[in-house]
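Coordinate analysis (summary)
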Amino acid sequence: MGVHRVVVLALDGVYPFELGIPSRVFGAAGGRYEVLTCSVDGGPVTTNSDFSVTVEHGPEALGAADTVLLPPFDTSLLSRDLPPGVRDALAVVPPGARIVSICTGAFVLAAAGLLDGRPATTHWSLADVFRSWYPRVDLDPDVLFVDDGSVLSSAGAASGLDVCLHLVRRDHGTAVANSVARACVVPPWREGGQAQYIEHPVPEGPTNGTSATRQWALENLHEPLYLADLAGHARMSLRTFARRFTEEVGTSPGRWLTQQRLSRARQLLETTDLAVDDVAGLVGFATGTSLREHLHAAIGVSPLAYRRTFRGANSPSA
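Residues numbered from 1 in each chain as written. Predicted model: local features only at pLDDT ≥ 70, side-chain atom pairs only at ≥ 80, totals over all residues. Heavy atoms only, no water.

**Side note on the overall build of the protein**
Across its full length, the protein carries 13 helices and 10 strands. The C-alpha atoms of the protein give 21 Å as radius of gyration, which agrees with the globular expectation for 318 residues (20 Å, within 12%). The principal-axis extent of the C-alpha atoms belonging to the protein is close to 60 × 45 × 35 Å. Classification of the 318 residues of the protein by burial places 48% in the buried group. Counting contacts in the protein only where the partners sit at least 6 residues apart, residues at least 24 apart contribute 67% of the total. By element, 52% of the accessible surface of the protein is carried by carbon and sulfur atoms, the whole surface being about 14,800 Å². (Helix = DSSP H or I, 4+ residues; strand = E, 2+ residues; numbered from the N terminus. Rg over C-alpha atoms; globule rule 2.2 N^0.38 Å. Buried < 20%, exposed > 50% of the residue type's maximum accessible area, 1.4 Å probe, protein only. Contact = heavy atoms within 4.5 Å. Areas by Shrake-Rupley, 256 points an atom, 1.4 Å probe, with all protein chains shown as cover.)

Okay, structure coming up:
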């Protein structure tokens, strides 16, 4: 596999944090990606802060892109129509390229007609105006990101990290994505379907949260953990634990456990020669059939197909 070129299209009013995410994440993937930043005319772009940025490339860079990424720009600049120069810039993107948006970048994709009939997301606070402007888009404002194959969209700020890590995982597997996450000192995996907005993301005190129980569960994934086991470890009632867990994590304990088991299973499939039934037992699925069903539901492939995709590049011998 050759070097994958990611081209970031910066528009006026761009958010500096999100503008830097692609270079930071893909740049930590050991030379597997090349990241270029361009503007619609090759000139500097304003940011939503008190400075502008100079980019090295004009729209011609998009013509050689494998992935195009649109970071967000200031909401005061939102319009139902495309910003000046964007339509011509997008016209040079190769037909097979992936296109990714972060936050308000989805408005550009929608205005260009690239989200018509597709599922997509954007920042939850902009959902009403997005729906009124682009009714042909199947908007889900409650998730971190949406992967619809060649077109992906994500919510605000940190979800840009999530979708970029997701792409690294999709391209090169869990081991490489986890290495990138460690280099960037960010959580290695938040599922796209996790809630954008969590009412109480920070526990009230060190003894009131579910963090210690989540760590305990990760150390005991091979056991048949149930909600009662988790609540008992946290010394909470079932109802209180389920409520606090969802408030802190943005998903239910059962769904979170399944996500963690699948993540561990994917690591083992990539890095060992263990039989599927053995992998299932080590991560807490009752049978190999259960692992197959969950993995297919999550990413659409069987364990053996997944292993064939990533095993060679990430095997100990390689």
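**Brief notes about unusual backbone geometry**
Although it is not a glycine, C103 adopts a positive phi angle of roughly 55 degrees. Mapped onto the elements, C103 comes out in the loop between β6 (98–102) and α3 (105–111). In the Ramachandran plot, R235 falls in the positive-phi region, its phi being about 60 degrees despite a non-glycine side chain. Topologically, R235 is positioned in the loop between α8 (227–234) and α9 (238–249). For R235, a relative accessible area of 79% translates into the label exposed.

**A few points about the pairing of strand β9 (residues 145–148)**
Looking at chain direction, β9 and strand β10 (residues 151–154) are connected through 4 bridges and run antiparallel. In the sheet register, D147 faces β10, and the bridge partner there is L152. Hairpin connection, β9 to β10: the antiparallel pair is bridged by 2 residues, and G149 has positive phi, about 80 degrees. (Pairing = 2+ DSSP bridges.)

**Observations concerning the nonpolar core**
In terms of nonpolar packing, the biggest core is built from 34 residues, with L62, V108, L115 and F130 touching the most fellow members. Elements supplying a minimum of two residues to this core: β1 (4–9), β2 (33–38), β5 (67–70), α2 (86–90), α3 and α4 (127–133). Ranked by residues supplied to this core, first place goes to α3 with 6 residues. Setting aside anything within four residues of it in sequence, one finds L62 in contact with V7, L9, C38, V68, A89, V92, V93 and P94. With 31 residues, the next largest nonpolar core counts L69, V100, L165 and V168 among its residues. (Core = buried A, V, L, I, M, F, W, Y, C linked by side-chain atoms within 4.5 Å.)

**Some words on the sheet that holds β2**
The 6 strands are arranged β2-β1-β5-β6-β10-β9 in an open sheet whose pairing can be described as mixed. Here the strands that pair on one side only, and so sit at the sheet edges, are β2 and β9. Direction aside, neighbouring strands of the sheet carry axes that sit 15 degrees apart on average. Contacts from helix α1 (residues 16–26) reach β1, β2, β5 and β6 within the one sheet, and its direction differs from that of β2 by about 160 degrees. Against the sheet, helix α5 (residues 158–172) makes contact with β2, β5, β6, β9 and β10, and its axis sits at roughly 150 degrees relative to β10, the strand it touches most. (Axes fitted to C-alpha atoms, helices over the stretch in contact; angles between N-to-C directions.)

**Some thoughts on the confidence of the model for the protein**
With 94% of its residues at a pLDDT of 70 or more, the protein has an overall mean of 92. Long-range and interchain partners of residues 313–318, a stretch whose pLDDT sits below 50, account for 10 contacts in this model, where long-range means more than four residues apart. (pLDDT = per-residue confidence, 0-100.)

**Thoughts on the packing of helix α7 (residues 211–219) against helix α10 (residues 253–271)**
As a packed pair, α7 and α10 sit with axes 11 Å apart at the nearest point and diverge in direction by 40 degrees. Classed by the angle they form, the pair α7 and α10 counts as oblique. Seen from above, α7 lies across α10 with right-handed handedness. Note on element contacts: α10 touches α7 through W256, L257, Q260 and R264, opposite R214, A217 and L218. Tallied by class, the residues present in the contact of α7 with α10 amount to 4 nonpolar, 1 polar and 2 charged. (Parallel < 35°, antiparallel > 145°, perpendicular 65-115°, else oblique. Left-handed = near helix turned anticlockwise from the far one by under 90°. Nonpolar A, V, L, I, M, F, W, Y, C, P; charged D, E, K, R; others polar.)

**A look at the packing of aromatic side chains**
Counted according to the given criterion, the structure contains 9 aromatic pairs. Ring centres 6.1 Å apart and planes at 75 degrees place the aromatic pair F107 and Y134 in the edge-to-face group. With F107 in helix α3 and Y134 in the loop between α4 and β8 (138–139), this pair connects stretches of sequence that are 27 residues apart. Like F107, the residue Y134 is buried in the burial classification. When the centroid spacing of 5.6 Å and the interplanar angle of 70 degrees are considered together, the rings of F245 and W256 count as edge-to-face. Of this pair, F245 sits in helix α9 while W256 sits in helix α10; the two residues are 11 residues apart in sequence, bridging distant segments of the chain. Each member of the pair, F245 together with W256, is buried. Feature note: the residues F107, F130, W133 and Y134 constitute an aromatic cluster, connected by ring pairs. (Phe/Tyr/Trp six-rings, centres within 6.5 Å; stacked < 30°, edge-to-face > 60°.)

**Side note on the pairing of β2**
As a general feature of sheets, a regular strand has side chains that alternate between the two faces. Looking at chain direction, β1 and β2 are connected through 6 bridges and run parallel. Each residue of the ladder has a partner; that of V6, found in β2, is V35. Regarding the hand of the β-α-β motif, the stretch spanning β1, α1 and β2 is right-handed. (Right-handed = clockwise from strand over helix to strand, strands pointing away.)

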